[in-house]
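A look at the structure
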Amino acid sequence: MQFTEAQMKQYDRDGFLVVEGMFEAAEVAAMKRELVRIQAIDTDHLVRERAGGVAKTIYRVHEADGPTASMLFRNAALSPRLLGGAQQLLGDDALYIHHTKCNLKTAIDGSVWQWHQDYGAWKRDGIARPDMTTALVMLDEPTPMSGCLYFIPGSHRLGDLASEMDDRTTAYRLWIVPKADLVRIMETSPEPVAITGAPGTVVFFHCNILHASGHNLSRHDRWHLYYVYNPVVNRPLDVPNPRPDYVRSRNWAPLVPGSDDILAAAPAVASV
Ligand code: SIN
Ligand code: MN
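Notes on the structure follow. Being a predicted model, the structure only gives us computed values, none of them experimental.

Calculation notes
Residues numbered from 1 in each chain as written. Chains lettered and ligands numbered in written order. Predicted model: local features only at pLDDT ≥ 70, side-chain atom pairs only at ≥ 80, totals over all residues. Heavy atoms only, no water. Helix = DSSP H or I, 4+ residues; strand = E, 2+ residues; numbered from the N terminus. Expected span 1.5 Å × (residues − 1). Buried < 20%, exposed > 50% of the residue type's maximum accessible area, 1.4 Å probe, protein only. Donors = N, O, S within 2.8 Å, 3.2 Å for Na, K, Ca; no water. Pairing = 2+ DSSP bridges. Axes fitted to C-alpha atoms, helices over the stretch in contact; angles between N-to-C directions. Contact = heavy atoms within 4.5 Å. Near = heavy atom within 4 Å. Polar contact = N/O pair within 3.5 Å; in protein donor to acceptor, adjacent residues only side chain to side chain. Areas by Shrake-Rupley, 256 points an atom, 1.4 Å probe, with all protein chains shown as cover. Nonpolar A, V, L, I, M, F, W, Y, C, P; charged D, E, K, R; others polar. Core = buried A, V, L, I, M, F, W, Y, C linked by side-chain atoms within 4.5 Å.

A word on helix 2 (residues 25-38)
- The terminal C-alpha atoms of helix 2, which comprises 14 residues, lie 20 Å apart, in line with the 20 Å expected from a rise of 1.5 Å per residue.
- Buried residues of helix 2: E27, V28, A30, M31, K32, E34, L35 and I38, and no others.

Looking at the coordination of the manganese ion (ligand 2)
- Distances from the manganese ion (ligand 2) to its protein donors, H116 (NE2), D118 (OD) and H211 (NE2), fall at 2.1 to 2.2 Å.
- Each donor residue of the manganese ion (ligand 2) lies on the same chain, and together they follow the pattern H-x1-D-x92-H. Of the two residues, H116 sits in strand 5 (residues 113-116) while H211 sits in strand 12 (residues 211-213), which places them 95 residues apart along the sequence.
- Classification of H116 by relative accessible area gives buried; the value is 5%.

Quick notes on the sheet that holds strand 4 (residues 95-105)
- Read across the open sheet, the 7 strands follow the order 1-11-6-13-4-3-2; overall the sheet is antiparallel. The sheet is open, and its two borders are formed by strand 1 (16-19) and strand 2 (46-48), each paired with just one other strand. Taking the axes of each pair of neighbouring strands and ignoring which way they run, one obtains an average angle of 15 degrees across the sheet.
- Sheet topology note: the strand 1/strand 11 (residues 202-206) ladder contains 4 bridges and is antiparallel. Looking at strand 11, one finds that V18 is bridged to V203.
- Contacts from helix 1 (residues 5-14) reach strand 1, strand 6 (133-138) and strand 11 within the one sheet, and its direction differs from that of strand 1 by about 135 degrees.
- With respect to the sheet, helix 3 (residues 71-78) is in contact with strand 4 and strand 13 (222-231), its orientation differing from that of strand 13 by roughly 50 degrees.

A few points about the environment of L90
- Examined against the element boundaries, L90 turns out to sit in helix 4 (residues 80-90).
- Separated by 42 residues in sequence, L90 and M132 place their C-alpha atoms 7.0 Å apart.

Some words on the site of ligand 1
- Inspection of the region around ligand 1 gives K101, N103, K105, W113, H116, L149, H211, S213, R222 and Y226 as its neighbouring residues.
- Separating an oxygen atom of ligand 1 from a side-chain N or O atom of H116 is a distance of 3.0 Å.
- At 3.0 Å, a side-chain N or O of H211 approaches an oxygen atom of ligand 1.
- Isolated, ligand 1 exposes 260 Å² of accessible area, and the fraction of that covered by the protein chains is 98%.
- For the shell around ligand 1, the secondary-structure elements that each account for two or more residues are strand 4, strand 5, strand 12 and strand 13.
- Tallying contributions element by element places strand 4 first for the shell around ligand 1, with 3 residues.
- Among the residues making up the shell around ligand 1, the classes are represented as 3 nonpolar, 4 polar and 3 charged.

Some details on the sheet that holds strand 5
- With antiparallel pairing, the 4 strands of this open sheet are ordered in space as 5-12-7-10. Each edge of the open sheet carries a strand with a single partner, namely strand 5 and strand 10 (193-195). The sheet shows a mean angle of 25 degrees between the axes of neighbouring strands, direction not considered.
- Of the pairings in the sheet, the one linking strand 7 (residues 149-151) to strand 12 comprises 3 bridges and is antiparallel in character. Within strand 12, the position partnered with F151 by the bridge is H211.

Observations regarding the nonpolar core
- F23, M31, L82, F204, Y227 and Y229 are the most contacted members of the largest nonpolar core, which totals 40 residues.
- Other than its neighbours up to four places away in sequence, F23 contacts V28, M31, A76, R81, L82, V137, P199, G200, V202 and I262.
- If you look at the next biggest cluster of nonpolar residues, it comprises 10 residues, including F151, I195, V203 and F205.

Overview of the environment of T43
- Structurally, the position occupied by T43 is in the loop between helix 2 and strand 2.
- For the pair formed by T43 and G197, sequence separation is 154 residues and the distance between their alpha carbons is 31 Å.
- Only 3.0 Å separates the side chain of T43 from the backbone nitrogen of H45, close enough to count as a polar contact.

Remember, this is a structural readout, not a statement about activity or role.
Okay, here's the thing in structure tokens:
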């Protein structure tokens, strides 16, 4: 992946960059089959919705070992499409993955993600600088009805905002931006943008951009995959009571770029 100067400027200005058609239909279908397989596994790497008990988030699909390991997702993590894009956006070739998460916002059951900045959690993981980028891979066609993501363009330039822990709204504990601060910020910011697109679209976004998504009210799944890239030099410092490795990786070895042929070495999996 090689971004143009205009794309780099857009990412700096807006805090996100949408790239359509980065993964082909066969690749997206293989990823969905992998998630059908993995979500049946009984592991603490997986958070289930309070309602319905379906998977909300699955972690650590990119490593070569562990209960949720997947060669396909590892291949994608190392592909020049994703890794090369992250290296260019971060201006650093030595990256590792802080975590991967698959947010399976499933039809009807899939729940809200409140307004937050990702760095609100990651600074508490001991990461000193907000120099991280996330690659979101759309596995369905997210819409406002199915709970697509919303970004406030340019909000990454507000810096590191105060946050509070919300462990009540969903089964997932989240550091959120308090309502009074949010309303004040929204009064003077561009309108939030709905991040919609065809399956296979990738969106790179800055770790300080304000984002949220609503409940999935539709009959369609809204499955997203997230790769969080961080420069090795920005790896976490020691913190008391660190979160588990599946969400705060300690595998800080620089990623070695692989091939864009991500299906080549992927194991055969049962069809959906
Ligand atoms: C997140 O912000 O981490 C997840 C949001 C979503 O998947 O809708
Ligand atoms: Mn987030």
